[in-house]
Amino acid sequence: MGGFRLATAAVLLGATPALGFHTLGQQRNLNTLPLCTGASCLTTEGPAVELNANPYECTQNGTLKLEFELLPTGQAFAGVATYSSPSIPRPNCTEPFPWTRVTGLTSGTQYKWQWRTAPSAGSPGAWNQFNLGLTAFTAGPALSSQLAIKSLAQPVTAGTCSQPVTFETQTSAGAPAPVPTSTTFSLYPSQGVTFFSDPGCALATTTVTVPAGSSSASFYWSATRAQIFTLAIDEPTFIAASQVQTVIAAAPAKLAIEGYGTQAAISDCSAELRARTQDAYGNPSKVAASTTVTLLTNSAGLKFSTSTNCGGSRTSIVIAAGTDSEPFRWLDTQPGWPTVSVSAPNLTGASLNLKAYVRLVFTNNAVTTSVNVCSPTLTVQTQDGTGKAYGVPAPTDLAVGLGRSIYLRDDAGFYYRAFERSDAGAFYSDSTCSTPVTATVLPNGGSSYSGFFKTVRTYDRMVFAQVVDAGVPFLEAIQYETVNPGPPAALAFSTAPQFISAGACSGYTQLRSQDTYGNPSPVSAATPLLLSTTSDGGSFYSAAGCATQVTSTTIGVNLSYHYCVGNRGV
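Within any chain, residue numbers begin from 1 and follow the written order of that chain's sequence. Local features are withheld for residues below a pLDDT of 70 in this predicted model, meaning they are given only at 70 or higher, and side-chain atom pairs are given and counted only at 80 or more; totals for whole chains, interfaces and linings count all residues. Values shown for side chains rest on all heavy atoms present in the structure; no hydrogens or waters enter the calculation.

Participant: What is the right way to read the overall build of the protein from this model?
Facilitator: Each helix corresponds to a stretch of at least 4 residues labelled H or I by DSSP, and each strand to a stretch of at least 2 residues labelled E; elements are numbered beginning at the N terminus. A count of helices and strands for the protein gives zero helices and 48 strands. The buried label applies to any residue whose accessible area, calculated with a 1.4 Å probe on protein chains only, is under 20% of its type's maximum; exposed applies above 50%, and partly exposed to all values in between. In the protein, which comprises 570 residues, the share counted as buried stands at 43%. Pairs at least 24 apart in sequence give 66% of the contacts found in the protein among residues at least 6 apart. Residues scored as charged are limited to Lys and Arg (positive) and Asp and Glu (negative), so that His and the chain ends carry no count. Here the site of a charge means atom NZ of a Lys, CZ of an Arg, CG of an Asp or CD of a Glu. A distance of 5 Å separates the average location of the 28 positive side-chain charges in the protein from that of its 30 negative side-chain charges. Any two residues having at least one pair of non-hydrogen atoms within 4.5 Å are treated as being in contact.

Participant: I would appreciate a short explanation of the sheet that holds strand S2 (residues 49-53) in the present structure.
Facilitator: Sheet strands pair via backbone hydrogen bonds, and the direction of the pair is either parallel or antiparallel. An order of S1-S2-S5 is seen for the three strands of this open sheet, with the pairing classed as antiparallel. In this open sheet, the two strands that pair with only one neighbour each are strand S1 (25-28) and strand S5 (100-102). Across this sheet, the average inter-strand angle for adjacent strands is 25°, counted without regard to direction. In terms of strand pairing, S2 meets S5 through three bridges, oriented antiparallel. For Glu50, the partnering residue across the bridge sits in S5 and is Arg101. If DSSP finds at least two bridges between two strands, the strands pair. Between N-to-C directions, angles cover 0 to 180 degrees, with each direction set by a line fitted to C-alpha atoms, over the stretch in contact for helices.

Participant: Help me understand the packing of aromatic side chains in this model?
Facilitator: Any aromatic ring pair is given by two values, namely how distant the centres are and how the planes are angled relative to each other. Side-chain rings of Phe, Tyr and Trp, where Trp is taken by its six-membered ring, are said to pair if the distance between their centres is within 6.5 Å; with planes under 30 degrees apart they count as stacked, over 60 as edge-to-face, and otherwise as tilted. Per the counting criterion, the structure on display carries nine aromatic pairs. When the ring of Phe167 is compared with that of Phe219, the centres are 6.3 Å apart and the planes differ by 50°; the resulting orientation is tilted. Of this pair, Phe167 sits in strand S11 (residues 165-171) while Phe219 sits in strand S16 (residues 216-223), and the two are 52 residues apart along the sequence. You'll find Phe167 and Phe219 in the same group, each marked buried. Aromatic rings pair up to connect Phe167, Phe185, Phe195, Phe219 and Phe238 into one cluster. Here the basic side chain of Lys112 rests over the ring of Phe77, its NZ or CZ set 4.4 Å away from the ring centre. Charge-over-ring placement is defined geometrically: NZ (Lys) or CZ (Arg) within 6 Å of the ring centre, and within 35 degrees of the ring normal.

Participant: When you look at unusual backbone geometry in this model, what are you seeing that I'm missing?
Facilitator: Most peptide bonds take the trans configuration, and most residues that are not glycine carry a negative phi. Positive phi values are uncommon outside glycine, yet Asn131 reaches one of about 55°. Looking at the element boundaries, Asn131 is found in the loop between strand S7 (128-129) and strand S8 (137-138). Of the residues examined, Asn131 reaches a relative accessible area of 29% and is grouped as partly exposed. Here Asn372, not a glycine, exhibits a phi torsion of approximately 60°, which is positive. Relative to the helices and strands, Asn372 is located in the loop between strand S30 (368-370) and strand S31 (378-383). A relative accessible area of 38% means that Asn372 is categorised as partly exposed.

Participant: I would appreciate a short explanation of the sheet that holds strand S12 (residues 183-188) in the present structure.
Facilitator: In spatial order, the strands read S10-S19-S17-S12-S15; together these five strands make up an open sheet with mixed pairing. A single partner strand is all that each edge strand has here, and the edge strands are strand S10 (155-157) and strand S15 (207-210). Sheet twist, expressed as the mean angle between neighbouring strand axes with direction ignored, is 30°. Here strand S17 (residues 227-234) runs beside strand S19 (residues 241-248); their pairing, made up of seven bridges, is antiparallel. Looking at S19, one finds that Ile228 is bridged to Thr246.

Participant: Quick question: what am I supposed to make of the environment of Asn92 here?
Facilitator: Along the chain, Asn92 turns up in the loop between strand S4 (83-84) and S5. Taking relative accessible area as the criterion, Asn92 reaches 52% and is therefore assigned exposed.

Participant: What exactly am I supposed to notice about the state of the cysteines here?
Facilitator: Defined simply, a disulfide is a covalent bond joining two cysteines at their sulfur atoms. The term disulfide is used for any two cysteine sulfur atoms that are within 2.5 Å. In the structure shown here, the tally under the stated rule is six disulfides. Each disulfide pairs two cysteine sulfurs, and for Cys58 the partner residue is Cys93, the sulfurs being separated by 2.0 Å. Taken as a pair, Cys58 in the loop between S2 and strand S3 (64-72) and Cys93 in the loop between S4 and S5 lie far apart in primary sequence, 35 residues in all. Judged by relative accessible area, Cys58 falls into the partly exposed class, the value being 33%.

Participant: Even after reading the chapter, I still don't get the pattern of salt bridges, so can you show me in this structure?
Facilitator: Side-chain pairs of opposite charge can arise where the charged atoms are in close proximity. We define a salt bridge as a side-chain nitrogen of Lys or Arg found within 4 Å of a carboxyl oxygen belonging to Asp or Glu. Tallied over the entire structure, the rule returns 10 salt bridges. Of the charged contacts, one joins Glu168 and Lys150 as a salt bridge, the two residues approaching to 3.9 Å between their closest N and O atoms. Taken as a pair, Glu168 in strand S11 and Lys150 in the loop between strand S9 (145-149) and S10 lie far apart in primary sequence, 18 residues in all. Residue Glu168 is classed as buried on the basis of its relative accessible area, which comes to 12%.

Participant: I keep staring at the confidence of the model for the protein and nothing clicks. Help me out?
Facilitator: Where the model shows low pLDDT, its predicted coordinates should not be examined in detail. pLDDT is a per-residue confidence score from the predictor, ranging from 0 to 100. Model confidence for the protein is summarised by a mean pLDDT of 89, while 92% of its residues fall at 70 or above. Low confidence marks residues 1-23, where pLDDT is under 50. Its contacts with residues over four positions away, or in another chain, come to 29 contacts.

Participant: Explanation requested: the nonpolar core in the structure shown.
Facilitator: The nonpolar side chains of a soluble globular protein tend to be buried with one another. Ranked by internal contacts, the top residues of the largest apolar core, which has 45 residues, are Phe328 and Leu398. No other element matches strand S29 (residues 355-362), which puts four residues into this core. If sequence neighbours within four positions are ignored, Phe328 has contacts with Ile257, Ala271, Glu272, Leu273, Arg274, Ala275, Leu295, Phe304, Ser305, Ile317 and Val340. Counting 23 residues, the second largest nonpolar core, distinct from the first, contains Val193, Phe195, Trp221 and Ala223. Each nonpolar core is a collection of buried residues, namely Ala, Val, Leu, Ile, Met, Phe, Trp, Tyr and Cys, held together in the definition by side-chain atoms within 4.5 Å.

Participant: What is the right way to read the environment of Gln245 from this model?
Facilitator: One can find Gln245 in strand S19. What makes Gln245 buried here is its relative accessible area of 0%. C-alpha of Gln245 to C-alpha of Phe229: the two residues are 16 residues apart in sequence and 5.4 Å apart in space. For Gln245, the side chain forms a polar contact with the side chain of Gln243, separated by 2.7 Å. Pairs of N or O atoms within 3.5 Å make up the polar contacts considered here, provided that, within protein, one atom can donate a hydrogen while the other can accept it, and that residues adjacent in sequence are counted only when both atoms are side-chain atoms.

Participant: Can you help me understand the side chain of Glu235 in this one?
Facilitator: For Glu235, the position within the fold is in the loop between S17 and strand S18 (238-239). Side-chain polar atoms of Glu235 contact the side chain of Thr237, separated by 2.4 Å.

Participant: Just to check I follow, could you spell out the side chain of Asp324 for this structure?
Facilitator: Positionally, Asp324 belongs in the loop between strand S25 (316-319) and strand S26 (325-332). Under the relative-accessibility criterion, Asp324 is labelled buried at 15%. A distance of 2.8 Å separates a polar atom in the side chain of Asp324 from a polar atom in the side chain of Arg276. Beyond its immediate stretch of four places on either side in the chain, Asp324 contacts Ala275, Arg276, Thr277, Pro284, Ser285, Lys286 and Ile319.

Participant: Help me out: how do you make sense of the pairing of strand S27 (residues 339-344) in this one?
Facilitator: For a regular strand, the rule is simple: side chains alternate between the two faces of the sheet. Extensive coverage of S27 is indicated by the burial of five of its six residues. The pairing of strand S23 (residues 291-297) with S27 spans four bridges and is classified as antiparallel. Paired with Thr294 across the two strands is Ser343, which belongs to S27. The turn joining S27 and strand S28 (residues 347-353), which pair antiparallel and follow one another in sequence, is formed by two residues; a positive phi near 65° is taken by Asn346.

Participant: What exactly am I supposed to notice about the environment of Ser270 here?
Facilitator: Tracing the backbone shows Ser270 in the loop between strand S21 (263-265) and strand S22 (273-278). Between the alpha carbons of Ser270 and Pro327 there is a distance of 12 Å; along the sequence they are 57 residues apart. Excluding residues within four positions of it along the chain, Ser270 makes contact with Gly261, Ala264, Cys310, Arg329 and Trp330.

Structure (structure tokens):
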């Protein structure tokens, strides 16, 4: 059997950051342990399950709840809610919904479910199918004994010990059922919650024991994070019991600075920051009376304001009674890394490092050029946040280049952008593109630099400028230009070589026209091509399946054809 090889050139255009996937719908057993997904996943607490979701919807002035439609897998969704969670306010879009308990399912039946959000005022959101609408779980067999929490749910202040939580062992009908032997039950907390066996919350535990002949026992809990959580009690031969508990913040003890306004161009108003009162554990904590917060900075050019354009000047703000925060903004006329501090009587203060940077900006519009042709002039300028030229206060090293963005990952798994300089083009200091440069120096008081670029690759179209090792922060400048290919001058295969069996039809083979530098270059008119091969048993075909034999074709833009090896020569 004869053989032949198709040659092709491949170009790697750069790395792309990996994307994460977040599953919004959640299901678990009554003991708070996660439930796997699929027909083979049995609920372990009898024919019962708890459902939840973590959507991004929120509301400032109303409340939201989750609605669920849970049906046997064989039935079609009707878009009608069969269960729902309690309604809760979600002003920050991060407040967790309480779990919704579903009982009375049919043992051995497979179930599917979908969920949506429903505001207190307005229309519900769209339905979201868990597991793509396929089987979510199978209801497990019923248990003959159950647990029940007899004490009422209680709000507990962060850092304090709860009142006793009392639970009872029962028959499936709800009657007290003393255990014949001493039985140990497991306790399942949420993050930041600890269980204890004593009323002073000194002896931590993860279990509680019901003595022989008794049907009840008690335990305690404490937490430092303000939250609504579900505590659960379980033992393999009982249906678990759970209860929603609330941890409320303690009294204000300190200040914190939060928000996205940690950096801004000089002379530009920052995004919002907030001075927030917190308890000793870092929970937002509302003040009982209006509280004046003093604003301080170590930068002579920085002022504070409460307006969106930083009009006026403030040295303090007031957190109103019954609230826990107040916004403010800042504007600095000097580049650097200033510090902002907040203080108030009887509260521990806080500080935050800011970044007031100088912008690097290309003042020209994006340019269009061709391969191996010197570009029009490109000018990069140092500017403040208002677009005004900023003269650097000292000689400043400026790196310039031509190439592409690449993404690198550090040891922590985070991606960051870097620049990969072109190996087929460069930045130049002259209009004939004869003197390549990678860096220059802005003189004292200087604010701009002009240059040119030339490349033989069409995808070398990103020019950039960066300040290197400056005493003040600068924001890099990037501009994407257009580089057109040269006229078509050659043909090339753009698919990888294929290995096929005698008599079999090949896969899709692509041919392209390209310029003298290897860049794809469209032909200006339909161009006929003659097809030939060194194989004495091969033929060309016009479509998959190799049914219509051809000896020629016409190339337009990236036109493709199929190749098939015949049976002769075996």
